[in-house]
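As a plain string of letters, each chain reads:
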Amino acid sequence: MAESEPVWWQRGVVYQIYPRSFQDSNGDGIGDLRGVIQRLDYLGQALGVDAIWLSPFYPSPMADFGYDVSNYCDVHPIFGDLATFDELVEEAHRRGLKIIIDFVPNHTSDRHPWFLESRSSRTNPKRDWYVWAEGRGGPFRGRVPSGCRSSGGPQSMAAHSSPPNNWLSMFGGSPWEWDEATGQYYLHTYLKEQPDLNWRNPEVKEAMLDVMRFWLDRGVDGFRIDAILHIMKDPALRDNPPNPGGRIVLGNPPLPEYDSQLHVHDQAHPDIHRVFHEMRQVLDEYGTKQPRMGIGEMDVFDWRVWAGYYGVHLDELHMPFNFGLLRVPWAAQAVRGVVDSLEAAIPPGAWPNYVLSNHDVPRTASRVGPAQVRVAMMLLLTLRGTPTVYYGEEIGMTDVPIAPEQVQDPLERQLPALGRDPERTPMQWDPSPNAGFCPPGVEPWLPAAADYQPINVAVEREDSHSMLSLTQALLGLRRSTPALSRGSYQPLEPASPDCFVFLREHDGVRCLVALNFSDNEQTVAAPQLGSGSIALTTHLDRRGEVHLALLELRSNEGCIVQLAERG
Ligand code: BGC
């Protein structure tokens, strides 16, 4: 059977933009959509990515920086307006760039009009749009004691029976918030300002599918679907069992309280497959002329379970996000283990994806260290599957220490040391004050890195050996080499356990990727492959013919070799 031609989201490389931090165009210290438009030439022409994913830009009280949406069909004024969004789509498309937007289906803001109605009375038609439940002691009938605030703290809970079950919030404590006025608890998997929608209510589902249609009508090419497994819970709200291994199942850094349970009832109820299928139908209806896609955010590390979210007939998510490399110990065999297990589990015809960092986890350069950051980028851009590059990763941005008085992230306030501000600091564009993110004299919403003067786009563009030059070269090579963008993957046994070596092949053209994860020189011996020419090394300083009986790798070096055609 002839192999089908890959579509844009399979061929291309995605670049994640956290809009608050990318480019401020109006001098308020917060990035915005006009700022993204101003940087499209950089993304499309200079850097050479294929699609951008925008984290939320919707109206929001910003309790969780936009992941608490109060209107799904508009743009928050700090980011612009719908006309600016339309312009962004048009300008991106004119440059051949696709637009993926964040869709947050599990929860709204507690200020969303739907929730305001829902909490107004037990008989409101929207009551059932959210997950309301009685406490363990049954319905609360008495007067709420004065002074009992709905803080979710242990004292207020004690005053009106205990929460409906033992579930835990991802952000710490119980996910059940007592509502004094109506005498029931509502569920919030994240902050109490983020009540969970009830996807079992058909009206909710339709309203949310309509949100997808609203943006598809405006021309978006796809959705990154937030916290997607949480939308279907056990309808009986049964307790989660304890996690017997006590092993960390989630989180980097770990979330010890959340990890104390197996999350079998608060997420991923089997009914979720039906919803994924319905979301897919919406995308497919719009996809006849211009293919659209959905990638679902999930922390699933059992690759068989993960692969199930493509759907038995590949009719659910286009891709479940693969977070395997976000948490793996940075060692050659551990990384290879993730790739091999995923490759073994993925169904025929389904397309993988990889990511090394995002707005919720430490940046790659901080996690793997300066010596390995180039190897990490070469890995990301040569594996079989769609890579997502987090903004600033291309120049080697690191996490920025945030002083207590500068903390913005609510997670840091709830669970100190878990805050995500360090990886959300302003994009480093040039050596001018505020790194070119916002005008001099304006205070950016988070401080720019101390090292922004050497580490920024303008300086690195002038340096042919910079991290940016490496990223550009990798993107260019991937684009011009079908073996790298769409070829098969085959791991090779390296002589040293510190190396990860694999072949990518398409149409008889083969590329060898050899990555040295150690500080020592290593030798890769693959005499059966004959000879080839070095297409790129992470050190950006050598090319030329090599025989694969003896490929020498310097410390922390990665190398791509284009193999001679089989004669
Ligand atoms: C997003 C986080 C957000 C959470 C709640 C996540 O998975 O990536 O940034 O805090 O969902 O919406």
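Use the structure listed above.
Trainee: Even after reading the chapter, I still don't get the environment of Arg238, so can you show me in this structure?
Mentor: Mapping Arg238 onto the fold places it in the loop between strand S7 (222-225) and helix H8 (272-286). Here the alpha-carbon distance between Arg238 and Arg136, two residues 102 residues apart in the chain, equals 11 Å. Contact partners of Arg238, with chain neighbours within four places excluded, come to Asn165, Trp167 and His265.

Trainee: Can you walk me through the site of the ligand in this structure?
Mentor: The environment of the ligand is formed by 13 residues, the closest being Asp64, His107, Glu297, His359 and Asp360. His107 places a polar side-chain atom, nitrogen or oxygen, 2.8 Å from an oxygen atom of the ligand. Between the ligand and Asp226 there is a distance of 2.9 Å, counted from an oxygen atom to a side-chain nitrogen or oxygen. Calculation on the ligand without its partners gives an accessible area of 310 Å², and the protein chains cover 97% of this total.

Trainee: Honestly, the nonpolar core in this entry has me stumped. Any pointers?
Mentor: A general trend in soluble globular proteins is that nonpolar side chains are found buried together. In this structure, Tyr15, Leu43, Trp215 and Phe500 are the most contacted members of the largest nonpolar core, which totals 145 residues. For this core, the element with the most residues is helix H7 (residues 202-217), which contributes eight residues. Each residue touching Leu43, except ones within four places of it in the same chain, is listed here: Tyr15, Ile17, Phe22, Gly48, Val49, Ile52 and Leu97. By size, the runner-up hydrophobic cluster in this structure holds 17 residues, among which are Leu512, Ala514, Cys559 and Leu563.

Trainee: Is there a simple way to think about the packing of aromatic side chains in this case?
Mentor: In this structure the tally under the stated criterion is 32 aromatic pairs. A centroid spacing of 5.7 Å and a plane angle of 55° characterise the contact between Phe103 and Phe223, whose relative ring orientation is tilted. Taken as a pair, Phe103 in strand S3 (residues 98-103) and Phe223 in strand S7 lie far apart in primary sequence, 120 residues in all. For the pair formed by Phe103 and Phe223, the shared burial category is buried. Ring pairing ties together the aromatic residues Tyr15, Phe22, Tyr42, Tyr390, Tyr391 and Trp429, which thus form one cluster. The ring of Trp132 carries the charged tip of Arg127 above its face, separated from the ring centre by 3.6 Å. Between the NZ or CZ atom of Arg363 and the centre of the ring of Tyr391, over which it lies, the distance is 4.7 Å.

Trainee: How should H8 be read in this particular structure?
Mentor: With 15 residues, H8 extends 22 Å from end C-alpha to end C-alpha; this agrees with the ideal 21 Å at 1.5 Å per step. Restricting attention to buried positions, one finds in H8 the residues Ile272, Val275, Phe276, Glu278, Met279, Arg280, Val282, Leu283 and Tyr286. Along its buried surface, H8 packs onto S3, H7, S7 and strand S8 (293-296).

Trainee: So what exactly am I meant to see when it comes to the side chain of Thr364 here?
Mentor: Here Thr364 is to be found in helix H12 (residues 364-368). Among the polar contacts listed, one links the side chain of Thr364 to the side chain of Ser357, at a separation of 3.4 Å. Within polar-contact distance, the side chain of Thr364 engages the side chain of Glu393 at 2.5 Å. Excluding anything up to four places from it in sequence, Thr364 contacts Leu356, Ser357, Gly369, Ala376 and Glu393.

Trainee: I would appreciate a short explanation of the layout of surface pockets in the present structure.
Mentor: The gaps of empty space that remain are located by a probe, the size of a water molecule, rolled over the atoms. Considering only enclosed or pocket space, the second largest pocket measures out at about 360 Å³ in volume. Lining the second largest pocket are 18 residues; nearest its centre among them are Glu3, Gln10, Gly349, Trp351 and Arg384. Of the residues in the lining of the second largest pocket, the class split is seven nonpolar, six polar and five charged. Domain assignment of the residues forming the lining of the second largest pocket places at least three in each of domain 1 (8-108 + 202-473) and domain 3 (488-563).

Trainee: How do you make sense of the state of the cysteines when you look at a structure like this?
Mentor: By definition, a disulfide is the covalent link that joins the sulfur atoms of two cysteine residues. Applying the stated criterion across every chain yields a total of zero disulfides. This cysteine, Cys511, is not joined by any disulfide, and Cys559 carries the nearest cysteine sulfur, 11 Å off. For Cys511, a relative accessible area of 1% puts it in the buried group.

Trainee: I would appreciate a short explanation of unusual backbone geometry in the present structure.
Mentor: For residues other than glycine, phi is negative in most cases, and the peptide bonds are mostly trans. For Ala268, which is not glycine, the phi torsion reads 55° and is therefore positive. With respect to the element layout, Ala268 can be found in the loop between S7 and H8. Although it is not a glycine, Ala435 sits at a positive phi angle of roughly 60°. Note on placement: Ala435 falls in the loop between helix H14 (410-414) and helix H15 (457-461).

Trainee: Even after reading the chapter, I still don't get the sheet that holds strand S6 (residues 184-187), so can you show me in this structure?
Mentor: On the basis of which strands lie adjacent, the open sheet formed by three strands has the order S4-S6-S5 and antiparallel pairing. Whereas interior strands pair on both sides, the edge strands pair on one side only; in this sheet they are strand S4 (132-133) and strand S5 (176-179). Alignment of S5 against S6, held across four bridges, turns out to be antiparallel. By the bridge assignment for S6, Trp176 is matched with Leu187.

Trainee: Is there a simple way to explain empty space enclosed by the protein in this structure?
Mentor: The final tally for this structure, using the stated rule, is four cavities of 30 Å³ or more. Counted as a void, the largest cavity has a volume near 60 Å³. When contributions to the lining of the largest cavity are tallied by element, the ones reaching two or more residues are S8 and strand S11 (386-390). Of the residues contributing to the lining of the largest cavity, the split by class is seven nonpolar, two polar and one charged. In this structure, the second largest cavity is lined by Leu356, Thr364, Ala365, Val373, Ala376, Met377, Glu393, Gly396, Met397 and Met467. Among the secondary structure elements, those contributing two or more residues to the lining of the second largest cavity are H12 and helix H13 (373-380). With three residues, the single largest contributor to the lining of the second largest cavity is H13. Here the lining of the second largest cavity is composed, by residue class, of seven nonpolar, two polar and one charged.

Cut-offs applied
- Residues numbered from 1 in each chain as written.
- Predicted model: local features only at pLDDT ≥ 70, side-chain atom pairs only at ≥ 80, totals over all residues.
- Heavy atoms only, no water.
- Helix = DSSP H or I, 4+ residues; strand = E, 2+ residues; numbered from the N terminus.
- Contact = heavy atoms within 4.5 Å.
- Near = heavy atom within 4 Å.
- Polar contact = N/O pair within 3.5 Å; in protein donor to acceptor, adjacent residues only side chain to side chain.
- Areas by Shrake-Rupley, 256 points an atom, 1.4 Å probe, with all protein chains shown as cover.
- Core = buried A, V, L, I, M, F, W, Y, C linked by side-chain atoms within 4.5 Å.
- Buried < 20%, exposed > 50% of the residue type's maximum accessible area, 1.4 Å probe, protein only.
- Phe/Tyr/Trp six-rings, centres within 6.5 Å; stacked < 30°, edge-to-face > 60°.
- Lys NZ or Arg CZ within 6 Å of the ring centre and 35° of its normal.
- Expected span 1.5 Å × (residues − 1).
- 1 Å grid on protein atoms, 1.4 Å probe; cavity = no way out; pocket = protein on both sides within 12 Å on 5 of 7 lines; lining within 4 Å.
- Points joined across faces, edges and corners; volume = space filled by probe spheres on them.
- Nonpolar A, V, L, I, M, F, W, Y, C, P; charged D, E, K, R; others polar.
- Domains from an automatic or database assignment.
- Disulfide = S-S within 2.5 Å.
- Pairing = 2+ DSSP bridges.

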